[in-house]
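# Residue-level structural notes
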Amino acid sequence: MTKKLSLYRIIRNRIRLWIDLFVLWITAKAFGWMLAIFLSFPYRSRMSHNNGIAGQGQMKIVGNPEFPEHPFYAAGKVFPVRVRHASATFLDDAMNCIRSISIKLSHNRFKSPFDIEMNSGQTSLFWSAASFLKFGSMRKEKWGVEYVEYNRLYPEGLKGAQQAVRRHATSFHNVHYYSKTPFLFVGKDGIKRYAKYRVKPFDDEPESGIDNNPSDWDMSNQRVLPHETRGRNFLKYEYEDRVKREGAKYRLQIQTRIAQDDDDPEVFNNMILWDEQIFPWQDLGVIEITEVLDWKESTRMGFSVNNMPKTLGVLPAKSIFDYNSLNYLRAHSEIARKARMWSYWFWGVPPEIPDNDNRNVSDWGK
Amino acid sequence: MSTEKNPQEICKECHEKTRIGYQYNDGFFGPKLRSINHLEVGRSKIISSPITITLEFLYLVYEKVRDFFVRIWHSLFPRRPKIWGEHKNTRIVGTLRYAHRNELDVPIHHLKIEFWARTWWLQWRKLSEAYSDYEGNFVLPFDLRTARSWKIKKVQAEVYQFTHTYYDGGLLKLHEERFKVLPIRKKDLIGMSYNLRTVRLFLWEYRTDTMVPRVVIKDHDKDAPQKYSQGRKDALIAQILPIELTKIKHLEQIKLAPETISLQDIQNDYPESLTVCIEKKLPGYTRSDEWFGLRMMNGMNRGYFEPDPTEPGMYWIKYFGVCNYPHNNEYALPTAEIKFRIKENGLPTPVEIHLTGPLNAIDKNPWQKHLFTPESGDKWLYAKRIARVNGGFSTEVDEHFCGTHLNTEQYAIAAYRNLRLNPLSELLLPHLKEVVLINHSADKMLLQEYIPSATALTYEGLQLRNKDVMGVLDWNGWKPMRVLSEAHTLARAENLFWNVVTEYVDWFFAEKEDGIKKYWKEIYRMSEDLVNNAVPVFLSDVNLDSLSPEEKHLAQNRLTYYCGQYGFEKNKNRQVRNGELKAVSPLTLSEEYNETDWNGLKQACSYMIMMATFMHTWINEHQYDDMGEVLYNCGGLRFSEKPEGVLQPESELSIAPDLTRSTQMLFFTNFLSRTEYGFITRNEEHDINPEFKKRLEVHRKAFSDLGVNIDNIESRTNI
């Protein structure tokens, strides 16, 4: 039912918006600084995805794009590319972890016209800045068990975890990765759209590591299985061997939809999928990785949602509960990446993950 | 012209004179009773010291002042029905299940859950409300912004228990009480869903320590699934105090100066009973064959007259004694089988009394048989007394406690556990309420304390007997008592009331057809609870071939008689659950509406109402008539040490109950006859459907002609 327009309502809503924006801004800034001061600098650590391996090669935009025309994604255009795969959050590939790919359309450690970060699973474990902060505050990790209370309280978070973790992944290459929260997409036609991205193996190799019957009770237990024979770095070794042997080839895809005035806020909800019948995935480009970077170079790399053209950037958020606030938070935590770089300069790059029997750990000290 | 009145007139006069019901008002310093739950077989918690009374008074004043301020507080911060918030973008989710260890996977359906916020200035704001579904799951959609607003101090989910319906200005209202508060940290609300997970409720749980379906009551004052209404408590306390004080006086006197009190004194201290009154005006009449037959037919016992298979016009009433139940050796309880002939005036007269079992403390052969006839001289009189006492015991334990109290409780538990949105809750719950409370009190006062000490059966024996009698109680196929003659007024009244109930239930089903069908699954679940928790059919779990010939004959004799007495059709197709053939037939076996179950359901509803109202009322209100004189009738006769045993005159007090049991018995029969609250036509709590009352009023005269005042028919079993 349409409410009556009144000056009071306009002023009230405007004040609410200002307050919400201020809370969002202060939260994002505080979060970034807290990460920088208490994690990135003293521990030389990323926020989560420390256990990774990077490679480089090139990406070619498809010759006949079916997605709306965009100057950045001109047909046949070729970009230098770096990707970094990682397992969050533990330093053990054999644990039940989320796997990720971060893509940078350049061969630099940081500077790039376009970065994008994706995780395994179609939906996420959190959906807004507020939920992400709650997620972080309820981690309470101990020997590979974490988020016990979070999983109990937030059923969508639990479901997201069940969808996203890949315990039995045989390779970083054959996992499907999703950007989840949508981004802006303003193409040549000037029409505002929203876009989601995903990456899958070029040859449609079946996805590995999916548990089809996950436990509601034991989802927080990410420990290596009893009698596990795979080592702490087996996924990284497999990727290194694969790239040396045959390279790693991916298909980057995009899903777009036109922005509408009356869009339900749930459009931006990374827990809700866009109907693929209505908004089909279109091929965007083909990534070919031909070279694996060493541990130091891989560790020195950084990715940011700020590394995007203005027409493909982060969607604005209105409050910490806004689904777009998740990318807003990412965009405002740049200080944490810088603090990590300073820590490398100050303390040196952290050592490679050894192939020892210190299993189920997530920090360098164990 | 003779000035002497005939016995009927005297009986009528005495009936009017001994009708129970007067107000107690003994001034400020008069003794007080805190509540019905404080009643004891011995000395109830009566407050009699002036200092304690004054302190009690001050405490009550404090409570009233406190309640006043609580009311003010609630009026300042009302809970309004408006639901705040525009965008229901977040949800509280969870599942309601029973907390009992045997029911951890059983969902609780259709309980109301509300989500409330409280502002810093203490105003309540309702954010959402919903009902749990059949799987116990609930979803409370709410506006996250509103819940997380800076104005909100705290938020909480609240589970409400449906308690009763009532009529306000002709409109049906549902009353729900807050059952559980589930606090939620406001800062944990972050969008999407917040999971309250499995909320386990101790709600109408079945006891696991009883042989018959009973509800768990942990503390009758604080932790019971129901509470007596205030009007019920007030009425009862006012009524009970005089006799409670009498009982206390007797107990003190017996303790301190037993030589100053006699059984006659005790009898005289209690209100005059029907038989005492008649005896004064017509000595010997209450011990006559005429009175014996009259009371067996139309008195408290409402005896079932089983036609003699060989002799037309002759009937049997059978009161089974200790049978093979655990018992003591102090009290006599032989099986009494009384042969009657129906006289020309339609009333029965006893012609033979067969007693099976010991009649003295010396010969303990349980199969010894004794036959008495009117030609047996004084022994005929003694035999009638033994049969009367056994009849009193059997009626109280079998017909009254099992047939109405326990029988109604099993339906009450199943109904309260399951009927919420189904209109049957409106039909049944007003009649099923409070029975579990009074049964809980009866457990301690009667079953555990009084009866085992004043009759032949032990507590264990009583429990086993209850289970067996419950094994012949079923709604399916039940019919009111067959009318033997015009003088069989009880049966005529019973049939008339049954007609009123069935017509009322037919009308209700027609009115509420859609709702009953829509929420059919509630009925299915009620039925499952009912059947799964029912006792096995009597003797269905006994291998008769393993019994001795006497035991087998007794068992079969009991089964045959009980089937007639309780309207039990043993050949009905009943359910086997957990290896037991269950006595109670299912209301339905279908989760969806099933046309074939419709008439059966109506029959079952009528049966529940019938048991909880007329059937209980009849026995209840006649208790003091038939058990209001110790020497005439009592719970049990003592063997005494003499070889004659119980075959002795009333003047032989060694076979009568001792003084303590006598005062306790008179206290109980008087107390239990004092309903005084909760009647259909008076409808004190506005919970009885006006249509039921209207239909009953139509037959006021007809009932009156049968000696039944419809204003005295209880709407529920609450005493």
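Predicted model only: the values in this text are computed from it and were never measured.

The next point concerns the overall build of chain A. Counting its secondary structure elements, chain A contains 8 helices and 9 strands. A compact globule built from 366 residues would reach a C-alpha radius of gyration of about 21 Å, and chain A, at 20 Å, matches this within 12%. Principal axes of the C-alpha set define a box for chain A whose edges measure 70 × 50 × 45 Å. Counting only residues that meet the buried cut, chain A has 56% of its 366 residues in that class. When contacts within chain A are restricted to residue pairs at least 6 apart in sequence, long-range pairs at least 24 apart make up 80% of them. For chain A, the computed accessible surface area is about 17,100 Å², with 56% contributed by carbon and sulfur atoms. Computed over 52 positive and 42 negative side-chain charges, the separation of the two mean positions in chain A equals 7 Å.

A count of helical and extended segments in chain B gives 19 helices and 18 strands. For 719 residues, the compact-globule estimate of 2.2 N^0.38 gives 27 Å, and the C-alpha radius of gyration of chain B, at 28 Å, lies within 12% of that figure. Overall, the C-alpha framework of chain B stretches about 90 × 65 × 55 Å when taken along its three principal axes. Taken across its 719 residues, chain B has 59% of its residues classed as buried. Put simply, of all contacts in chain B between residues at least 6 apart along the chain, 73% involve residues at least 24 apart. By element, 52% of the accessible surface of chain B is carried by carbon and sulfur atoms, the whole surface being about 29,600 Å². Here chain B holds 93 positive side-chain charges and 96 negative ones, and the gap between their average locations is 9 Å.

Okay, a nonpolar patch on the surface next. Taken together, L5, L7, I10, I11, I15, W18, I19, L21, F22, V23, W25 and I26 of chain A make up a surface patch of nonpolar side chains, about 1,200 Å² in accessible area. Along the chain, F22 of chain A turns up in helix α1 (residues 7-43).

The subject of this paragraph is the interface of chain A and chain B. With 20 residues of chain A in contact, the opposing surface of chain B contributes 18 residues. Summing the contributions of chain A and of chain B, the shared interface buries around 1,600 Å²; its carbon and sulfur component is 52%. A per-residue breakdown of the area chain A buries against chain B is headed by R152, L153 and F321 of chain A, which together make up 31% of the total. At the surface where chain A touches chain B, the tally comes to 3 salt bridges. Put simply, the parts of the chain that give the side of chain A that touches chain B at least two residues each are α1, α2 (129-137), α3 (148-153) and α4 (155-164) of chain A. Along the lines of polarity and charge, the residues of the side of chain A that touches chain B split into 9 nonpolar, 3 polar and 8 charged.

Further remarks concern the packing of aromatic side chains. Applying the stated criterion across every chain, the model contains 58 aromatic pairs over all chains. A ring pair is formed by F497 of chain B and F614 of chain B, whose centres lie 5.2 Å apart and whose planes are at 25°; its orientation type is stacked. Here F497 of chain B is found in helix α12 (residues 489-511), whereas its partner F614 of chain B is found in helix α16 (residues 598-627), with 117 residues between them in sequence. Ring pairing ties together the aromatic residues F31, F126, W127, F132, F135, Y147, Y150 and Y154 of chain A together with Y194 of chain B, which thus form one cluster. In this arrangement the basic side chain of R79 of chain B is found over the ring face of W124 of chain B, its NZ or CZ atom lying 3.9 Å from the centre. Note that K517 of chain B overlies the ring of W598 of chain B, its terminal NZ or CZ placed 5.5 Å from the centroid.

What follows is about the domain arrangement of chain B. Residue and element names in this part refer to chain B. Assigned domains within chain B: domain 1 (90-201) and domain 2 (398-545 + 554-627 + 694-712). Each partner contributes to the interface: domain 1 provides 15 residues, whereas domain 2 provides 14 residues. Contact between domain 1 and domain 2 buries roughly 1,400 Å² in total, counting both sides, with carbon and sulfur atoms accounting for 51%. Of all residues in domain 1, H109, Y134 and F162 bury the most surface against domain 2, accounting for 40% of the area lost on that side. Between domain 1 and domain 2 we count 1 salt bridge in total. Here the side of domain 1 that touches domain 2 gets 4 residues from one element, more than from any other, and that element is strand β7 (residues 152-168). The residue makeup of the side of domain 1 that touches domain 2, split by class, is 9 nonpolar, 4 polar and 2 charged.

With that settled, the discussion passes to helix α18 (residues 690-698) of chain B. Spacing of three or four residues puts side chains on the same side of an α-helix, whose turn is 3.6 residues. Residue and element names in this part refer to chain B. Residues of α18 that are buried include every one of E691, F692 and L696, and no others. Angularly, the buried residues of α18 cover 135° about the axis, an arc narrow enough to put them on a single face. Exposed residues on α18 whose side chains face more than 90 degrees from its buried face are K694 and V698. Residues of α18 that are buried sit in contact with α9 (424-432), α12, α16 and α19 (700-705).

In a soluble, globular protein the nonpolar side chains are often hidden away together inside. Grouped together as the largest cluster of nonpolar side chains are 220 residues, with contacts concentrated most on I92, L189, L424, L428, F497, F509 and F671 of chain B. The leading source of residues in this core is helix α8 (residues 378-418) of chain B, at 17 residues. Within the second largest apolar cluster, 45 residues are counted, among which are F72, Y73, V81 and V305 of chain A.

What follows concerns the state of the cysteines. All names here are of chain B. In the structure shown here, the tally under the stated rule is 1 disulfide over all chains. Just so you know, C634 is unpaired, no disulfide at all, and the nearest cysteine sulfur is the one on C323, 19 Å from it. Since its relative accessible area comes to 0%, C634 is described here as buried.

Residues and elements named next belong to chain A. Domain annotation for chain A reports domain 1 (1-47 + 333-350) and domain 2 (50-315). Computed from C-alpha atoms alone, the centre-to-centre distance between domain 1 and domain 2 is 22 Å. Across the interface of domain 1 and domain 2, roughly 1,200 Å² is buried in total on both sides, 60% from carbon and sulfur atoms. It is R46, R337 and V349 in domain 1 that bury the most area against domain 2; as a group they hold 46% of the surface buried on that side.

A separate point is the side chain of E652 of chain B. Residues and elements named next belong to chain B. Positionally, E652 belongs in the loop between β18 (637-638) and α17 (659-672). Under the relative-accessibility criterion, E652 is labelled buried at 19%. A polar side-chain atom of E652 sits 2.8 Å from a polar atom in the side chain of K642.

Turning our eyes to something else, we now look at the pairing of strand β4 (residues 115-120) of chain A. In this sheet, β4 of chain A lies alongside strand β3 (residues 98-104) of chain A in antiparallel orientation, the contact comprising 5 bridges. The partner of I101 of chain A across the bridge, within β4 of chain A, is M118 of chain A.

Criteria and cut-off values
Residues numbered from 1 in each chain as written. Chains lettered and ligands numbered in written order. Predicted model: local features only at pLDDT ≥ 70, side-chain atom pairs only at ≥ 80, totals over all residues. Heavy atoms only, no water. Helix = DSSP H or I, 4+ residues; strand = E, 2+ residues; numbered from the N terminus. Rg over C-alpha atoms; globule rule 2.2 N^0.38 Å. Buried < 20%, exposed > 50% of the residue type's maximum accessible area, 1.4 Å probe, protein only. Contact = heavy atoms within 4.5 Å. Areas by Shrake-Rupley, 256 points an atom, 1.4 Å probe, with all protein chains shown as cover. Lys, Arg positive; Asp, Glu negative; His and termini not counted. Charge placed at Lys NZ, Arg CZ, Asp CG, Glu CD. Patch = residues over 30% accessible without salt bridge, like charges linked within 9 Å, V, L, I, M, F, W, Y side chains within 5 Å. Salt bridge = Lys/Arg side-chain N within 4 Å of Asp/Glu carboxyl O. Buried area = accessible area lost by both parts, 1.4 Å probe. Nonpolar A, V, L, I, M, F, W, Y, C, P; charged D, E, K, R; others polar. Phe/Tyr/Trp six-rings, centres within 6.5 Å; stacked < 30°, edge-to-face > 60°. Lys NZ or Arg CZ within 6 Å of the ring centre and 35° of its normal. Domains from an automatic or database assignment. Arc of directions from axis to C-beta. Core = buried A, V, L, I, M, F, W, Y, C linked by side-chain atoms within 4.5 Å. Disulfide = S-S within 2.5 Å. Polar contact = N/O pair within 3.5 Å; in protein donor to acceptor, adjacent residues only side chain to side chain. Pairing = 2+ DSSP bridges.

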